[in-house]
Amino acid sequence: MILVAGGSVLTSEGIIATDVAIDDGFIVAVGAIDPGTAEVIDARGCWVGPGLVDLHVHLREPGQEWKEDIASGSRAAASGGFTALVAMPNTLPAIDAGHRAGFVAEQGRKAGICHVAPAGAITLDRRGVELAHLDELWEAGVRLFTDDGDTVADAGMLRRAMEYLAGRDCVLAQHAEDPGLGAGGHMHEGAVSSRLGIRGLPALAEETIVARDLALVRLTGAAYHVQHASTTGTVALIRQAKAEGLPVTAEVTPHHLMLDHSEVESMDPDFKMYPPLRTTEDVAELRRALIDGTIDAVATDHAPHADHEQEVPFEEAPRGVIGLETALAATLTATGLDQTTLFQRMSTTPAAIARFADHGLPLVVGGPANIVVIDPSATWVPDRFVSRSQNSPFRGRKLTGSVVATVFEGTVTHGPAS
Amino acid sequence: MRHLLTIEGVTRPELEDLLDLSDEFLNVLDRDIPKVPTLLGATVATMFFEPSTRTRLSFERAARALSADVLSFSPGTSSVTKGESLKDTALTLKAMGADLMVVRHPATGAAHRVSRWADLPVVNGGDGAHQHPTQALLDAFTLRRHFGKLDGLRVGIVGDIRHSRVARSDLQAFSTLGATVTLVAPPTLLPLDTTGWPCDTATELDGVIGDLDVVYLLRIQSERGGVSGFTSLPEYVRRFGLDDRRFRLLRDDAVIMHPGPMNRGVEIAPHIADHPRTLILDQVRNGVAARMAVLFRLMTPEARR
Amino acid sequence: MTAEPVMTSDDIRRAVHRIAHEIVERHHGTAGLVLVGIHTRGVPFARAIGAAIADFEGTTVPVGELDIGLYRDDLGRRSSPRLERTSIPVDITDQTAVLVDDVLFTGRTIRAALDALSDLGRAGQIELAVLVDRGHRQLPIRPDYVGKNLPTSIEQRVSVRIDEVDGHTGVWVGEGKGQ
């Protein structure tokens, strides 16, 4: 038996200061519990709640295992407090067929550190020309479809995918980057890119796609998810769509909550990602939107790249940064969310969007033991990462909020006891 | 000053110190034996990842005039060199004894990164569309020698500003030294956001040319995607080329500059390129002296006054 | 520093005059002479010698200035001074160049000055005039004209101050390593 003792626990009756006992993969008691011979996790001063859920990670397997693989990515996830992940399909080969999705899920099960659900591509090989094997993917358990890494630029293609999947309980997610407006850009198009002489990616490249997609949602009624929202304009579009009652959800990354485009002055590719870091106004608006719920979830867009791939000039570097291990701390540092809201945004709501039955649930007796223990006031400075790659924009920066322990299906995957 | 990566942040006294040094080195270059033993035993490595014979030769000439040795690296077309990373190349040259590196690269920030990896003084020989500090120095030096000082000079920089590292460095150096700078280009070739920049902008050359003391022409470059910023070469020439008509609009004492190499018949009419009012060859000559000043300053510890 | 100077402003003036006479006497006149002051304080001394010669001989001897900053053998070991002007108004080929400096110590400055001078031309003859010779040579260099021989210990400091440069004139000796 494992006992999580003395924490502030998110139960179905709200937040209660109490203990949680875990045995054989399930929560067996919530209340004052005698430790006996149990393995004790000291949760005093900590928040206890359902394990975090990440809607957007790149685990790089199959095909690019030098950056990360499903096992190493799972370990990084556990270290960050996550018990469930949605793995993006831009692997080599892409996850555009049932057996490939099955492979990813099986690798996740073998690692046994967190739940790994493969996302499926919308188009074959994510090329945007023909639909992927959507039925097979659905049968293999895929519930989130995206060409992430690329945009489904052809509106007709996206409409067809939405209509094809109508009636099924799943969500279509879009990486919004208009190929015409964004071509050749490496950072946010603005004052800093003008000064550095680096070709920019305008906010419009994201907003025009989101606006167009929302018109398609209006037409088809399909469930639609905005990936890595990064601009004030995108937030406004989401707000308006929700006011209309459209089935729209949205995510934001921790780095977009904390950093702006002035970071690129360092010329360090650890600040290069898509969408790029934008202005301080955008950062402020994204924080407001996450706090008030316009943006439903935090998702890391964890994108590992090896050291040698980063040791190049900024413009030549690949896009993306890791984020699993710093997600909680960066989110808390940026927004100061309270316990209830934090678990909503980083666990319950993303679990709902991903259609995960066993994650994001308040802790009740009989429920699955997918739990995270968080110290909301611990400060620390990220240095070396569990992930196979080290490309983090937070290295050397003081953050507040740490993961004390993570429990997945009753096993401690991170913490003092693991 | 450990590196010279950008003109941004170089103070007026620092700039003037480098220009004063350049004067002395120009005297050295005028001698029968244009050489001093100052950097004997030191090795200057040039890493040129972009085709540029002139700038590389200028740096090498400067190094040799100071009696330094030169290691010059430029990736050829061979597939072998394609594999080696920028970082590995820098560390290899350092292992071979380089005491200072000059880096030119098509990507912004390449010299910055090399300075972190190699932990040696680094001179940015031009990075992407970002900065070309030694060009700015030699241009400022040329203007100071011609006019005595830059204070109050009205300089117009004409051409593909958006993609020009020369423009970005020059405007900062000139304005720090007291000149007034106007960037002249069609709207698609001006930088997107010049708020707070120490200069004006103009989208027609004819409107400003009569007030300028210096017309600085940039090369219209096809290497960095400049051609897509305007409709056609003939149209550019018609609106912004320095032809006979515009030449006649110039003030009597106005001068013409160009970082080279010139596109005769594009930004400058062929016969005007050879006119005595152009300072282009002075710029080349002064470039060696200015680069000697930079090498001298970076390879010997900072003077304490 | 000693409270009293070992050479006062008047002592310096007399030494300069004597050196000027010695130079003209040795060369039987001023033909072919060039005075080259070494920056920083050698320059005003060279000018003072030139002025003295003009005064008693009635002829003008060209006076140049030489900066040895580019020829030092200790670059990288100490902070480099500002480069001053190097400018000699005549061609020194076949002329008699008299290097002028304020203090002669190890001889390394003069060694650098000889290199610098030879890069400017092939003088017929090079001589050396110093205001103070404080000994402790590290190179085989000897002065032709000396204002004052000043035996010192290696730990002592000799400070020459000149009105144009420092606002007052005199030579002091003190404790502590230095020029």
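All values reported here derive from a predicted model rather than from experimental measurement. Along each chain, residues carry numbers from 1 onward, in the same order as the chain's sequence is written. Note on labels: chains are lettered from A, ligands numbered from 1, in written order. Only residues with pLDDT of 70 or above have their local features reported here, since the model is predicted, and side-chain atom pairs are shown and tallied only from 80 upward, although totals for entire chains, interfaces and linings are computed over all residues.

Visitor: Can you walk me through the overall build of chain B in this structure?
Guide: Put simply, DSSP marks the helices as runs of H or I at least four residues long and the strands as runs of E at least two long, and each gets a number from the N terminus on. Of the regular secondary structure elements, chain B holds 11 helices and nine strands. Its C-alpha radius of gyration of 19 Å places chain B within 12% of the 19 Å reference for a compact globule of 305 residues. Along the first, second and third principal axes, the C-alpha set of chain B runs to 55 × 45 × 35 Å. Residue burial is a threshold on neighbouring C-beta atoms within 10 Å of the residue's own C-beta, all placed from the backbone, with 20 or more meaning buried, 12 or fewer meaning exposed, and counts in between meaning partly exposed. The buried share of chain B, reckoned over its 305 residues, is 50%. Our contact criterion uses C-beta atoms placed from the backbone: two residues qualify when those atoms are within 7 Å. Across chain B, the fraction of contacts at a sequence separation of at least 24, relative to all contacts at a separation of at least 6, is 75%. For the radius of gyration, the atom set is restricted to C-alpha positions; the globular benchmark scales as 2.2 Å times the number of residues to the power 0.38.

Visitor: Please explain helix α7 (residues 165-176) of chain B as it appears in this structure.
Guide: One full turn of an α-helix is made of 3.6 residues, so residues set three or four places apart face in the same direction. All names here are of chain B. A rise of 1.5 Å per residue sets the reference length of α7, with its 12 residues, at 16 Å; its end C-alpha atoms lie 17 Å apart and thus fit the reference within 8%. The complete set of buried residues in α7 reads Arg165, Val166, Ala167, Arg168, Ser169, Asp170, Leu171, Gln172, Ala173, Phe174 and Thr176. Positive phi shows up at Gly178, right after α7, with a value of about 100 degrees. Expected span of a helix: the number of residues minus one, times 1.5 Å.

Visitor: Looking at this structure, how should I read the packing of helix α7 (residues 203-220) of chain A against helix α8 (residues 232-243) of chain A?
Guide: The description of two helices packed together rests on the angle between their axes and the distance between the axes. Residues and elements named next belong to chain A. Orientation is described by axes fitted as lines to C-alpha atoms, over the contacting stretch for helices, and by angles from 0 to 180 degrees between their N-to-C directions. Direction vectors running N to C along α7 and α8 enclose 15 degrees, while the axes themselves pass 9 Å from each other. For the element pair α7 / α8, the angle class is roughly parallel. For the element pair α7 and α8, the recorded crossing hand is right-handed. Of the residues in α8, those in contact with Ala203, Glu206, Glu207, Val210, Ala211 and Leu214 of α7 are Gly233, Thr234, Leu237 and Ala241. Grouping the constituent residues of the contact of α7 with α8 by class yields six nonpolar, two polar and two charged. Each angle gets one of four labels, with under 35 degrees taken as roughly parallel, over 145 as roughly antiparallel, 65 to 115 as roughly perpendicular, and the rest as oblique. The sense of a crossing depends on the near helix, which, turned anticlockwise from the far helix by less than a right angle, makes the crossing left-handed and, turned clockwise, makes it right-handed. Each residue is assigned to one of three groups, with Ala, Val, Leu, Ile, Met, Phe, Trp, Tyr, Cys and Pro labelled nonpolar, Asp, Glu, Lys and Arg labelled charged, and all others, Gly among them, labelled polar.

Visitor: What exactly am I supposed to notice about the environment of Phe45 of chain C here?
Guide: Residue and element names in this part refer to chain C. Assignment of secondary structure puts Phe45 in helix α2 (residues 42-57). The exposure class assigned to Phe45 is buried, which follows from the 25 C-beta atoms found within 10 Å. Once the C-alpha coordinates of Phe45 and Val103 are considered, the two residues, 58 residues apart in sequence, prove to be 11 Å apart.

Visitor: Quick question: what am I supposed to make of α8 of chain A here?
Guide: Residue and element names in this part refer to chain A. Look at α8: 17 Å from first C-alpha to last across 12 residues, which is about the 16 Å you get at 1.5 Å a residue. Three or more residues of α8 are buried, namely Thr232, Thr234, Val235, Leu237, Ile238 and Ala241. In the core, the buried residues of α8 are packed alongside α7, β13 (224-226), β14 (248-252) and α10 (280-292). Two residues or fewer after α8 comes Gly245, characterised by a positive phi angle close to 85 degrees.

Visitor: Before we go on, may I ask you to explain the domain arrangement of chain B in this structure?
Guide: Residues and elements named next belong to chain B. Just so you know, the domain bounds were taken from an automatic or database domain assignment. According to the domain assignment, chain B contains domain 1 (12-132 + 284-299) and domain 2 (133-279). The straight-line distance from the C-alpha centre of domain 1 to that of domain 2 is 25 Å. Secondary-structure elements contributing two or more residues to the side of domain 1 that touches domain 2 are α1 (12-30), β4 (122-127) and α11 (280-299). Of all the elements, α11 adds the most residues to the side of domain 1 that touches domain 2, at six residues. Taken together, the residues of the side of domain 1 that touches domain 2 break down into eight nonpolar, 10 polar and four charged.

Visitor: I tried to follow the sheet that holds β4 of chain B on my own but got confused; where do I start?
Guide: To summarise the sheet geometry, strands pair through backbone hydrogen bonds and adopt either a parallel or an antiparallel arrangement. Residues and elements named next belong to chain B. By the convention used here, strands pair only if DSSP detects at least 2 bridges between them. Taken together, the four strands give an open sheet; going across it, the order is β2-β1-β3-β4, and neighbouring strands pair in parallel fashion. Edge strands, defined here as strands with exactly one partner in the open sheet, are β2 (69-73) and β4. Between one strand axis and the next, the sheet turns through 15 degrees on average, direction left out of account. Contacts from α11 reach β1 (43-48), β3 (100-105) and β4 within the one sheet, and its direction differs from that of β3 by about 130 degrees.

Visitor: Honestly, the sheet that holds strand β6 (residues 180-184) of chain B in this entry has me stumped. Any pointers?
Guide: Residues and elements named next belong to chain B. Sheet architecture is open: five strands sit in the order β7-β6-β5-β8-β9, paired in parallel fashion. Only two strands of the sheet have a single partner each, and these edge strands are β7 (200-202) and β9 (255-257). Strand-to-strand twist in this sheet, taken as the mean axis angle between neighbours without regard to direction, amounts to 25 degrees. Where strand β5 (residues 154-158) and strand β8 (residues 214-217) come together, four bridges link them in parallel fashion. Within β8, the residue paired with Ile157 across the bridge is Tyr216.

Visitor: Just to check I follow, could you spell out the nonpolar core for this structure?
Guide: Nonpolar side chains in soluble globular proteins generally cluster together in the buried interior. Each nonpolar core comprises buried Ala, Val, Leu, Ile, Met, Phe, Trp, Tyr and Cys residues, the members being joined through C-beta atoms within 7 Å. Membership of the largest hydrophobic core comes to 274 residues, with the highest contact counts inside it found for Leu172 and Val373 of chain A, Met101, Ile157 and Leu295 of chain B together with Ile49 of chain C. Lining this core are residues from two domains, each supplying at least three of them: domain 1 (12-132 + 284-299) and domain 2 (133-279) of chain B. Among all residues touching Leu172 of chain A, those that are not within four sequence positions of it are Ile122, Phe145, Ala161, Met162, Leu165, Ala222, Ala223 and Tyr224 of chain A.

Visitor: What am I meant to see in the environment of Gly6 of chain A here?
Guide: Residue and element names in this part refer to chain A. Looking at the element boundaries, Gly6 is found in strand β1 (residues 2-11). Residues Gly6 and Thr335, spaced 329 residues apart in sequence, show a C-alpha to C-alpha distance of 25 Å. Those residues within four positions of Gly6 in sequence are excluded, and the remaining contacts are Asp19, Asp42, Ala43 and Arg44.

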